[in-house]
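Report on the structure
Chain by chain, the residues run as shown.
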Amino acid sequence: ADEARGWDVLPERRAAMAQAGAAALVIHGHPGNYGAMAYVTGFTPKLGAALALVPREGALRILAPGTPKMMDIAKRLTWVEDVRPLGNAPKTIAEFLGEGNALGSWAFGALPQALYAGIAAAVAPRALIALDPALDALRRRKSPRELELMRGAAKLLATASDAFAASLRAGKGVRSAALAAERAAIAAGAQDARVLASLSPGGVPLPLDAASDERALDPANAGIAVQNHGYRASGYVSVARRPGAAQARARQALAAALAAARGGAHLPDGVAANAIGLSLEEGPGDPLEAGAVYAVTSKAAEGGETAYASALIAVTENGCEVLWQEPA
């Protein structure tokens, strides 16, 4: 996230606030999910819950966890100039809002209960309006700048998936292949890379918590996610020395889905999609929305074997751009 994108998205967000009758908007973010906050401000909380205060007109403010001395470091994570300690956030928000005005909220679903109760009490009897449906829908529509960042993430995903497949074909185990995929993505410039892998032939990808390194799995399945300048790309791969009926069915279903993909289209049976961007999950995947980017996955099972076929696509009114597709 950067200053240019932050200012670009503010007019639409402020229009949504005005339509709902909210004089200000409070955005919540925390280390596990900061997509909405990063989308508007570029800020990525590191230490706990943070809040962004967005007036209908005027400058933004961020309330960040930490002491006053830590705010100089927090300011490096955002283009917003006014960054203050979280402190007594309910009192600060009430003063920021002003008398008699309604307050909009975004991403309050994971807000700590005590903090939510304090904010609600501080602004009462004024309305606290959840703007998630309207703002999440706007966020799913990617700008040209965002699409460029997601194309970069897709290239990193290709690097990781190629490394996973190459390691397996060289005789390495799935844990070694997963580590090779993560290292290749990081070496190519990814901010983050995470790989799940199957622990049995044709098994469901799982976290690799143990030191075991199962070999000769055919097929071996993996779920791979990478991050580029805050934007994520993810997909599934199935690597098989002898591709079976399940893999053929998964790839056929994915091909049919990509051929039919366009704004308003419904996915064929057996194919799932989730909108993706600053978060791995940014909303419903069916029907597809023009302007959104999706991780699309087909999964098929045959004789106890599971196989995947996956792609990352940018949807338009008339079709889709394939940003990445699982290599054959």
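Cut-offs and rules
Residues numbered from 1 in each chain as written. Predicted model: local features only at pLDDT ≥ 70, side-chain atom pairs only at ≥ 80, totals over all residues. Heavy atoms only, no water. Helix = DSSP H or I, 4+ residues; strand = E, 2+ residues; numbered from the N terminus. Rg over C-alpha atoms; globule rule 2.2 N^0.38 Å. Buried < 20%, exposed > 50% of the residue type's maximum accessible area, 1.4 Å probe, protein only. Contact = heavy atoms within 4.5 Å. Areas by Shrake-Rupley, 256 points an atom, 1.4 Å probe, with all protein chains shown as cover. Lys, Arg positive; Asp, Glu negative; His and termini not counted. Charge placed at Lys NZ, Arg CZ, Asp CG, Glu CD. Salt bridge = Lys/Arg side-chain N within 4 Å of Asp/Glu carboxyl O.

**Section: the overall build of the chain**
When its secondary structure is counted, the chain shows nine helices and 13 strands. Over its C-alpha atoms the chain spans a radius of gyration of 22 Å, differing by no more than 12% from the 20 Å that the globule rule assigns to 328 residues. In terms of overall dimensions, the chain has C-alpha extents of about 70 × 45 × 30 Å along its principal axes. Of all 328 residues assigned to the chain, the portion counted as buried reaches 50%. For the chain, contacts bridging at least 24 residues in sequence account for 61% of all contacts bridging at least 6. Element-wise, carbon and sulfur atoms account for 53% of the exposed surface of the chain, whose accessible area totals about 14,300 Å². Across the chain, the 32 positively charged side chains and the 31 negatively charged ones have centroids separated by 4 Å.

**Thoughts on unusual backbone geometry**
Most of the time, phi is negative for any residue but glycine, and the peptide bond is trans. Here the residue pair Ala-124 and Pro-125 is connected by a cis peptide bond, since its omega of 5 degrees sits within 30 degrees of zero. Structurally, the position occupied by Pro-125 is in the loop between α5 (113-123) and β6 (128-130). Even without a glycine there, the phi angle at Ala-107 is positive, about 65 degrees. Along the chain, Ala-107 falls in the loop between β5 (102-106) and α5. Overall, the relative accessible area of 23% leaves Ala-107 in the partly exposed class. Despite not being glycine, His-229 has its phi angle at roughly 50 degrees, a positive value. In this structure, His-229 sits in the loop between β8 (220-228) and β9 (231-239).

**What about the side chain of Asp-192?**
By secondary structure assignment, the location of Asp-192 is in strand β7 (residues 192-197). Excluding residues within four positions of it along the chain, Asp-192 makes contact with Ile-186, Ala-225, Val-226, Gln-227 and Arg-232.

**Concerning the pattern of salt bridges**
By the definition in use, this model includes 11 salt bridges. In this structure, Arg-151 engages Glu-321 in a salt bridge whose closest nitrogen and oxygen atoms are separated by 2.9 Å. Pair noted here: Arg-151 is in helix α7 (residues 144-169) and Glu-321 is in strand β13 (residues 320-325), with a separation of 170 residues, a long-range link. Across the salt bridge formed by Glu-326 and Arg-251, the nearest N and O atoms sit 3.7 Å from each other. Within this pair, whereas Glu-326 is found in the segment after β13, its partner Arg-251 is found in helix α9 (residues 245-260), the two being separated by 75 residues in sequence. Look at Glu-326 and you get buried, because its relative accessible area is 8%. Residue classification places Arg-251 among the partly exposed residues on the basis of a relative accessible area of 27%. Sharing partners across several salt bridges, the network here consists of Arg-61, Asp-82 and Arg-84.

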